[in-house]
Structures are given as structure tokens and as C-alpha cells.
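# An overview of the molecular structure
Here are the chains, one letter per residue:
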Amino acid sequence: MKNFLISIIIILIPVKSFSLIEVDITRGNLNPLPVAVSPLSIDEDSRKNFENILKKKNIGSEISLIVENNLRVSGLFNPLNKDAFLQEPDIANLKPRFEDWNLIKAQALITGKVSYVEEKLRVEFRLWDVLAGKEMMALAFTTVPNNWRRVGHIITDKVYERLTGERGYFDTRIIYVAEEGPKTQRVKKLAIMDQDGANNKFLTLGNELVLTPRFNPTSQMVTYLSYFRNLPRVYLLDIETGTQEVVGDFPGMTFAPRFSPDGKKIIMSFAKDGNSEIYTMDLENRIVEKITNHPSIDTSPSYSPDGKFISFNSDRSGYQQIYVMKSDGSNVKRISFGKGIYGTPVWSPRGDLIAFTKLHKGKFYIGVMRTDGSGERLLTENFYQEAPSWSPNGRVLIFYRETKTDSKGKGFSAKLWSIDLTGYNERQVPTPTDGSDPSWSSLLSN
Amino acid sequence: MKLNKILKNGFLIVVACLALSACATSKKSTGQMQGDVYTGTDTVEYLASGVPDRVFFATNESVLTTASRETLRKQAAWLRKNSKITIVLEGHADERGTREYNLALGERRANAAKDYLMTYGISSDRISVLSYGKERPVDSGSNPLAWSKNRRSVTVKAN
């Protein structure tokens, strides 16, 4: 932990520069960097073409709004009000008048240009260090017009990477369970959306209960629990084709599925005769291996990113606690020893931390600890919240939170929330309906 | 009549909450709870006259109480008399636990009921088990009495 606190203060513009833009991502939103996102400029012909295709009046402005929103939500940046911008977007993209941008206290400036080229969307953008008066980055790419939101996310990823020194997490999606209806009869559907809540799409109809969807490493497949025909089993869904198949067709309930980091196996629990054990299934040859062997509840397994270890929760000590074992099931060690009960361990993409849910004295916490259980840090406390999932760069956790109902049992809601690893920047993630069980994809554009 | 019942229940909930917050760990009977096991009848349905359909559990527990065993003996007697009937035991947990653990806990509770029925001569062929974890509460309240009603195993006729 200490290691990683030190290593991510990145110094930019090392060449002939007397000013530095640095974004210290360990400190959350204490000092967000003032950044000016100039609307991407667009010529009139291109604007009309895109208006016809996408029904957006000015696609350049729309894309820059996505960038602006991403930067704001990250908590690390403070996008400045466009009303204060003095320079026209097209001219700024050619050569910013740095003294103008300096005047409004912008430290970084993003400019760019969109054009319609052979039925495609071509974007170029530039990142400028205002104080140094230098271009930091210039990139151009071409895609189909329908991808315009992703263009905004990719630009944000590039800017984030250049300014923080870490990979971005904006061109990503969230799979989750969309919920509606009374608490006693919730209708649940699988849903997928962009990380910012846009492009929401339901993947199941709500005819059967579905729970705990999780992406595979390439984010093309999802494993989840479905109560199809009242048989709770682990399923696999191909997002592109919509094909679904049972993978956990055991003589009893299979649940709590996740992929191995190489995507070749699914690890899950199988409950039979009052005992839940952890199993793996190789997706290619369907070979099943039993990993735990204990008369207690063993569930919520999650691999370390190198695939060598598995964390899980078990009540073998009397209450639910977090354990780590080798991936063959040997060397089981309890790692949670704080007050309260601990569950839903998930290994961070960096491999150094495990995020978890904790219940203590009637409150639920999302927290992180080192993989040996030391350095426990609670990030957020609430009436009910659980099931953290890591952003692909390991900087943000998404989880869900449920409200306490009133004395008449009314007022229930379930929402997705995110929080920085720092414990700052807690935010509700917008969803069209209630939501739970979020899982964050990998970075879609690598 | 109905209002009366609502008021009465409301009052009992308040009493139960007060009693629990006053001494959360002592085995206090409040009329509807013994310790934190539900002993009321509000949510109970009947498989046949005098045969309640469900049993209740303490927090995190799957141990059958004396009352639960009595209910299950009645169910076993009824099942022996009606030998064509098959059943599903639906195990449930309250909302104060993580989703996956609660699925396992519901399964463990339903199996506790199954094991007991089997010791009274009901063949396992006639019993299937289905855990809903915390997905299907009967009471949508966020209070100890509501949670006690939701920690249950319900015997449902399958045919």
C-alpha cells in the first residue's frame, strides 16, 4: 500500500519546463485540477452530416460534454465553465492563446476537431499544458458515427493516462441487475450500460430471477445466477449473440460465479444437503474440480489476478470471515480478524488489495485490506451496502446500497454507487431503474 | 376490523423494537418473538387444518427450535397421511447479510427442515429444496420483527 501511494505521483512535461501539471490520485477530490474542455470544433458540412445520422445538433459539443462529465465524476479534475472561454474552438485547436486560458485558471486544456470522412467520424484532439504553453499529446482516430460516445470515453482515458500516469477506466461498461417492483416481489433483469450510465440495455426480460452477473476478462461473456424453471443455476451469456447456457448444472443450487483471470474457468459455489462448497469448471472440457471441503458455508470466491490464489468467505469459525487459499484449495488461511463479519472478498486488478463487505453493530461497510488481512481501511458506512467490484485500473469501487424502509415497510430502493479507493468521491451511478450487483468490465479499447 | 389489526400489529412491532433495543442479546419474549426467533402467526399459512406451513430461525442460524420441530412433526404426519403429495422446502434469509451467503444460508435452513422431516419417515424423493436467500421477504420492513418473519423455511406443495 505504502509503495503504491508513493509511486503514483506523476510528474509531467519533463522537457524544458518550469511548470508541472501533476494529478495526485491518492488524494481524491481535495484539489481537483482545473481543466478547460473546449468543444471539439466541427465544420458545417460535417455537422449537418452527423446531425442527419445521429440526430445530434452538434456532435463536437456532445463529445466534449462526455469528456467533461467523465473528468468531473472522476473527482480528480474540475472542468471549467465554458462561458468563460475566450477563444473559439477551431482556433484554440490550432494554437491556444495560453494567456487567455491562464486567465481563467485552466491548467490543462483539451481541444479538438471532428470531421465527417467517408461516412466515418474522424476525431483529433490535443492536450495542452497551459502554464508551460506546450502541447502534451495529440491523437487522431476514425470510427463509425454510432461510436461517438465511446470516442468521448477514449479521449478521457487518454487524458487521464497522460495526466495521472495510470490507465483510464472510462471506455468501460457495467453489467448489473436492474430491479423494479415491491420489495417482496422484485422483478430483476440483467442490464448493461456504459460506465457513465448511458446506453442502458436490458439483457433478460424479467421472467425469472437473475443475480450476480460478472464479466469475463474480455468483457464479452457474463456469468450469472438464474432461477430459470425455479432451478437456481450458474449460466453463461454471450453479450453479442445473446446465447445463454447452463454451466453449473449440478444436482443442487450453483451460485456465486466468477471467471478465472484467464477466462478459461468459472469458479462458483455448489450447495447440497445444507453445505456449500467451492468448485471450478473448465469451460472447454467441462471438467469440474472441488476446491474446498468443509461442512460450513464456503462461498463468494474470487481469484487473484495471477490466478494463483482464491479469496472466499466462510463461516467455519462460527461467523462469516474472509479466507485466502492457493488455487488448488490448499493452504487455507483466515485473513479477516477485525470486529464484525466479513464477506464478498474481491481481489483488486493490481493484486495488492482485497475489497470486502463488512457488517458490524448493525452497519454495513465497504472496505479494503491487504491480501494478508493487514491494513484494513473502511471506505464507506451505510444501513446496507455490499458487493464491491473494481474499476479495471483498481482506483474506483462500484457497489450497491439499499435503503432502510419506514415503519410501514415503504421507501425501499437499491442503487449503484461508486467510491474512490481513497474513500473520497462517493457518488450514485445513474441507472434508469433500481440496480444492484454491479460488475465493472475491463477497458474495452486497449 | 382490518384497521384494528393493523394498529395492533403496529403496536406489537413497536413493542418488539423497544424490547430488542433495550436488551438485544437476552432471550426476551415479546409476544411475537422469542430471542430473535419469530413466534407469531401473522405470516403463517396452513397446509391443512392445524398444519402450519413454515418454521422460523434465529439470525445466522439453521437450528430448529422446539416450536419448529413441533410444526415439522405435524407436517410429517400430514405428509404420511397424504402419500402422493410432494413438497418444496423454500429456505429464506433476512436482508441483513450478503446476497451470496444468504443463498447458502437459505439452502442450509431448508435442509434442516428436510432432515427433520426425513427422520419422521418422509422420503427424500418427495422433498426438493429451493433457496431464495434474501430475494423473497414476506415482510418488507427494516426492523427486527420483520427480519424474524423473513428468516424461514416454508413447505410448499409441489403437486
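Residues numbered from 1 in each chain as written. Chains lettered and ligands numbered in written order. Predicted model: local features only at pLDDT ≥ 70, side-chain atom pairs only at ≥ 80, totals over all residues.

Residue and element names in this part refer to chain A. Spatially, β22-β23-β24-β25 is the arrangement adopted by the 4 strands of the open sheet, whose pairing is antiparallel. Only two strands of the sheet have a single neighbouring strand rather than two, namely β22 (341-347) and β25 (377-382). Put simply, the sheet's adjacent strands are angled 20° from each other on average, direction ignored. Strand direction decides the pairing type here: β22 and strand β23 (residues 353-360), joined by 5 bridges, are antiparallel. Looking across to β23, one finds that tryptophan 347 is bridged to isoleucine 354. (Pairing = 2+ DSSP bridges. Helix = DSSP H or I, 4+ residues; strand = E, 2+ residues; numbered from the N terminus. Axes fitted to C-alpha atoms, helices over the stretch in contact; angles between N-to-C directions.)

Right, let's get into the packing of helix α3 (residues 59-74) of chain A against helix α6 (residues 148-164) of chain A. Packed helix pairs are specified by the crossing angle of their axes together with the interaxial distance, meaning the distance between the axes. All names here are of chain A. Where α3 meets α6, the axes come as close as 8 Å, and the angle between the chain directions of the two elements is 45°. In terms of axis orientation, α3 runs oblique to α6. Relative to α6, α3 is oriented so that their crossing is right-handed. When α3 is examined against α6, the residues Ile59, Glu62, Ile63, Ile66, Val67, Asn70, Leu71 and Ser74 are found in contact with a partner set consisting of Trp148, Arg149, Val151, Gly152, His153, Ile155, Thr156 and Tyr160. Taken together, the residues that form the contact of α3 with α6 break down as 9 nonpolar, 5 polar and 2 charged. (Parallel < 35°, antiparallel > 145°, perpendicular 65-115°, else oblique. Left-handed = near helix turned anticlockwise from the far one by under 90°. Contact = placed C-beta atoms within 7 Å. Nonpolar A, V, L, I, M, F, W, Y, C, P; charged D, E, K, R; others polar.)

Attention shifts here to helix α3 (residues 99-119) of chain B. Residues and elements named next belong to chain B. The first and last C-alpha atoms of α3 sit 31 Å apart over 21 residues, in line with the 30 Å expected at 1.5 Å per residue. Here α3 lies mainly inside the structure; 18 of its 21 residues are buried. In the stretch just after α3, glycine 121 is the one whose phi turns positive, near 90°. (Expected span 1.5 Å × (residues − 1). Buried ≥ 20, exposed ≤ 12 C-beta atoms within 10 Å, placed from the backbone.)

Residue and element names in this part refer to chain B. Averaged over all residues, the pLDDT of chain B is 87; the fraction at 70 or higher stands at 81%. Overall, residues 1-27 carries pLDDT values under 50, and its contacts beyond four positions in sequence, including any with other chains, amount to 20 contacts. In the predicted assembly, ipTM is 0.92 and pTM is 0.90. (pLDDT = per-residue confidence, 0-100.)

What the domain assignment lists for chain A is domain 1 (2-164) and domain 2 (173-440). One C-alpha centre belongs to domain 1 of chain A, the other to domain 2 of chain A; they are set 35 Å apart. (Domains from an automatic or database assignment.)

Attention now goes to helix α2 (residues 66-81) of chain B. Residue and element names in this part refer to chain B. Taking 1.5 Å as the rise per residue, α2 with 16 residues should run 22 Å; its terminal C-alpha atoms sit 23 Å apart, in good agreement. Every buried residue of α2 is accounted for by Ser68, Thr71, Leu72, Gln75 and Leu79. Buried residues of α2, viewed axially, fall in a sector of 95°; they line one side. Exposed positions of α2 whose direction lies more than 90 degrees from the buried face are Thr66, Arg80 and Lys81. Buried residues along α2 sit in contact with β3 (46-48), β4 (51-52), β5 (54-56), α3 and β8 (152-157). (Arc of directions from axis to C-beta.)

Moving on to the sheet that holds strand β20 (residues 321-326) of chain A. One open sheet accounts for 4 strands, arranged β18-β19-β20-β21 (chain A); its pairing is antiparallel. Two strands in the sheet have a free side with no partner beyond their single neighbour: β18 (298-303) and β21 (333-334) of chain A. Bridge count for β20(A) against β21(A) is 2 bridges, and the pairing is antiparallel. Counted as the bridge partner of Tyr323(A) is Arg334(A) from β21(A). Here α3(B) sits on the sheet and contacts β18 and β19 (309-314) of chain A; the angle it forms with β18(A), its principal contact strand, is near 145°.

Below, the discussion takes up unusual backbone geometry. Glycine aside, a negative phi is what most residues show, and trans is what most peptide bonds show. Of note, the phi angle at Ala387(A) is positive, near 65°, even though the residue is not glycine. Checked against the element boundaries, Ala387(A) lands in strand β26 (residues 384-390). On the basis of neighbour counts, which here come to 27 C-beta atoms within 10 Å, the residue Ala387(A) falls in the buried class. Even without glycine at this site, Asn60(B) takes up a positive phi of about 65°.

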